[in-house]
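Residues per chain, in single letters:
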Amino acid sequence: MPAYFIADITIHDPDGYKSYLEGFMDIFNRHGGKLHVVSSAEVHRIEGDWAPQSIVLMAFPTLAAALAWKDDPDYVALARIRQATATTHLVLVEGLPTDPA
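Residues numbered from 1 in each chain as written. Predicted model: local features only at pLDDT ≥ 70, side-chain atom pairs only at ≥ 80, totals over all residues. Heavy atoms only, no water.

(A) Molecular detail of the environment of Glu42. Tracing the chain through its elements places Glu42 in the loop between β2 (34–38) and β3 (55–60). Considering only alpha carbons, one finds Glu42 and Pro61, 19 residues apart in sequence, at a separation of 28 Å. (Helix = DSSP H or I, 4+ residues; strand = E, 2+ residues; numbered from the N terminus.)

(B) A look at helix α3 (residues 73–85). With 13 residues, α3 ought to run about 18 Å at 1.5 Å a step, and its terminal C-alpha atoms sit 19 Å apart, in line with that. Tyr75, Leu78, Ala79, Arg82 and Thr85 are the residues of α3 that are buried. One face of α3 carries all of its buried residues, which in axial projection span an arc of 120°. For α3, exposure combined with an orientation more than 90 degrees from the buried face picks out Pro73, Arg80, Gln83 and Ala84. Packing partners of the buried residues in α3 comprise β1 (3–11), α1 (14–30), α2 (63–71) and β4 (86–94). (Expected span 1.5 Å × (residues − 1). Buried < 20%, exposed > 50% of the residue type's maximum accessible area, 1.4 Å probe, protein only. Arc of directions from axis to C-beta. Contact = heavy atoms within 4.5 Å.)

What follows is the structure, encoded as structure tokens:
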């Protein structure tokens, strides 16, 4: 089953964050990741108090692949840049089975 990371990111240091972005895709692609949403425009709150600045939705073919990306030593090092330049709320959820038809 697919797995999804949902991130709510508030960037505090845009110049520093660029270093994170420069190394991101190579590692992400290595683990079969696909970006479904990268919201730099306004996020429309429909219900509740959650007011994210930017939403990123990342998909992986399996939960194991998602965890392998998160734990990849190259990504762990890169994530330190994100953690220093942005505030991130991040969750991982397993998706529904895909329909083979």
